[in-house]
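Understanding the architecture of this molecule
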Amino acid sequence: APPILGEQAPPVPDGEVDKAARDVVEAWSLAKAVVSRLIATEAEKLQAELPAAQDLLPQIMASVRQGGVEVNAAAGQAIQEWSEERLTARRRDALVSSALSEALSKRRLRLPDAATRKIRAALLAAVARGDHLEAAVAAALDEAEARQVRRRGS
């Protein structure tokens, strides 16, 4: 039981104090290592998601010169536009990946990872050009199936 106010806790043998202290230090050290690793991982993610300053400078300086906008406002606008472009690209990537995965599943077609990545890249380019996604997926998989048939025939 904990000591009552004004009472002293019973003495603890020296060996137990040392072990308890080592256990606390070990637990804190482990927690620090885990948190440090998580922070480093998140920092890497954030840096990977941020544009390089030199990539945005031409756009920022053009806004400052042409529009009479302050540098801070131009930088904020450039970062916002960059973020919106990234979000649009992620949505397009997800849409293409989903359509490709669904079409492969419907056709019960298995392709090597390299071939799937190549088709996905071609589909992203097609969508960027304005091509209809379903038609592009169908054409790409038709071509992949034809290649597989030719390989089996040779």
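Conventions adopted
- Along each chain, the written sequence defines residue order, and numbers are assigned to residues from 1.
- Given that the model is predicted, a residue must reach a pLDDT of at least 70 before its local features are reported, and side-chain atom pairs must reach 80 or more before they are shown or counted; all residues, however, enter totals for whole chains, interfaces and linings.
- To obtain the side-chain values, all non-hydrogen atoms of the structure were used and water was disregarded.
- Helix numbering and strand numbering both begin at the N terminus, where a helix is a DSSP run of H or I of at least 4 residues and a strand a DSSP run of E of at least 2.
- The contact criterion used is simple: two residues touch if any of their non-hydrogen atoms lie within 4.5 Å.
- What sets the accessible areas is the Shrake-Rupley method with a 1.4 Å probe; for residues, cover comes only from the shown protein chains.
- Nonpolar core, defined: a set of buried Ala, Val, Leu, Ile, Met, Phe, Trp, Tyr and Cys residues in which side-chain atoms within 4.5 Å join the residues together.
- Throughout, exposure labels follow a simple rule: accessible area from a 1.4 Å probe, protein chains only, divided by the maximum for the residue type, with under 20% read as buried, over 50% as exposed, and the rest as partly exposed.

**Side note on the overall build of the protein**
When helices and strands are tallied, the protein shows five helices and zero strands. Moving toward the C terminus, one meets the helices and strands of the protein in the order α-α-α-α-α. Once local pairs closer than 6 in sequence are excluded, the contacts in the protein between residues at least 24 apart make up 55%. Carbon together with sulfur atoms contributes 58% to the accessible area of the protein, which is approximately 12100 Å² in total.

**What about the nonpolar core?**
Of all hydrophobic cores here, the largest spans 17 residues; its most connected members are L100, L104, L111, I119, L123, V137 and L141. At the level of secondary structure, the elements contributing two or more residues to this core comprise α3 (71-107), α4 (113-129) and α5 (133-153). Counting residues per element, this core draws most heavily on α5, which supplies six residues.

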